[in-house]
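Architecture at a glance
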Amino acid sequence: LDDIVPVIEKVTKNKYKGNLIRFFSIEPYKNWIKTQIDSNKPVIATFKLNPSTTPQWIIDHFSVISGYDENGIYILTTWDEYQAKKYRTWEQLLSKSMNGYSFVHSNPNIKYLFIAVDMYE
């Protein structure tokens with residue numbers, strides 16, 4: 001998790017900087033995603049893949065969120081089994097029981113933890 005910002009800065013030759021940010025409830029996180037996309041800023045988010053083969057990890061995957069509507073988000077991913085562009089509803093993203101991408105983490109002590117990268121030039 002601590003490696004993502006330095007990797008972004010290195011890959012972009014310091015054109016982009018980043019801050020790792022955490023949200024502990026969904027509404028501020030949804031609003032942040034919408035504001036970023038409406039401002040044409042990249043959104044990199046973390047996900048848990050359920051069922052998880054690594055339940056001890058807080059996250060399993062980083063992906064770009066490329067768009068949204070009132071019901072959910074569009075996720076761009078490089079994982080073939082999950083397609084290149086995946087749509088998930090907010091309900092699915094908040095469910096641990098649905099297969100695929102989720103914001104719900106495996107740690108039972110953390111109800112919700114939404115992690116993203118705030119990128120800027």
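What this report covers is the structure whose coordinates are included nearby. All values derive from a computational prediction rather than experimental measurement. (Residues numbered from 1 in each chain as written. Predicted model: local features only at pLDDT ≥ 70, side-chain atom pairs only at ≥ 80, totals over all residues. Heavy atoms only, no water.)

Once that is clear, we can look at the overall build of the protein chain. Broken down by element type, the protein chain carries 3 helices and 7 strands. Counted from the first residue to the last, the protein chain has its helices and strands arranged as α-β-α-β-β-β-β-α-β-β. Against the globule reference of 14 Å for 121 residues, the protein chain gives a C-alpha radius of gyration of 14 Å, in line with a compact fold. In terms of overall dimensions, the protein chain has C-alpha extents of about 40 × 30 × 30 Å along its principal axes. Counting across all 121 residues of the protein chain, residues that qualify as buried make up 43%. Within the protein chain, contacts between residues at least 6 apart in sequence are counted, and of these 49% link residues at least 24 apart. Put simply, the protein chain has 14 plus and 13 minus side-chain charges, and the middle of one group is 2 Å from the middle of the other. (Helix = DSSP H or I, 4+ residues; strand = E, 2+ residues; numbered from the N terminus. Rg over C-alpha atoms; globule rule 2.2 N^0.38 Å. Buried < 20%, exposed > 50% of the residue type's maximum accessible area, 1.4 Å probe, protein only. Contact = heavy atoms within 4.5 Å. Lys, Arg positive; Asp, Glu negative; His and termini not counted. Charge placed at Lys NZ, Arg CZ, Asp CG, Glu CD.)

Once that is clear, we can look at the pattern of salt bridges. On inspection of all chains with the given rule, the structure shows 4 salt bridges. Across the pair E70 and K34 runs a salt bridge, and its minimum N-O distance is 3.4 Å. With E70 in the loop between β3 (61-69) and β4 (72-76) and K34 in helix α2 (residues 26-38), the pair connects residues that are 36 residues apart, well separated along the chain. We classify E70 as exposed; its relative accessible area is 58%. On the basis of relative accessibility, which here comes to 14%, the residue K34 falls in the buried class. (Salt bridge = Lys/Arg side-chain N within 4 Å of Asp/Glu carboxyl O.)

What follows deals with α2. For α2, spanning 13 residues, the distance from its first C-alpha to its last is 18 Å, which sits close to the expected 18 Å at 1.5 Å a residue. What α2 keeps buried is the set I26, Y29, K30, W32, I33, K34, Q36 and I37. Buried residues belonging to α2 abut β1 (17-23), β2 (43-50), β3, α3 (90-93) and β7 (114-120). Where α2 ends, the next residue or the one after it, N40, has phi of about 60 degrees, a positive value. (Expected span 1.5 Å × (residues − 1).)

What follows is about the packing of aromatic side chains. This structure, assessed with the given rule, holds 9 aromatic pairs. Plain terms: the ring middles of F23 and W32 are 5.9 Å apart, the flat faces sit at 45 degrees to each other, and that makes the pair tilted. Each of the two residues, F23 as well as W32, counts as buried. Their ring planes at 85 degrees and their centres at 5.1 Å tell us that F47 and Y101 sit as a pair that is edge-to-face. One end of the pair, F47, is in strand β2; the other, Y101, is in strand β6 (residues 100-102), with 54 residues separating them in the sequence. (Phe/Tyr/Trp six-rings, centres within 6.5 Å; stacked < 30°, edge-to-face > 60°.)

Below, the discussion takes up the environment of Y16. In this structure, Y16 sits in the loop between α1 (4-11) and β1. For Y16 and V5, which are 11 residues apart along the polypeptide, the C-alpha to C-alpha distance reads 9.4 Å. Those residues in contact with Y16 that lie beyond four places of it in its chain are I8, E9, M119, Y120 and E121.

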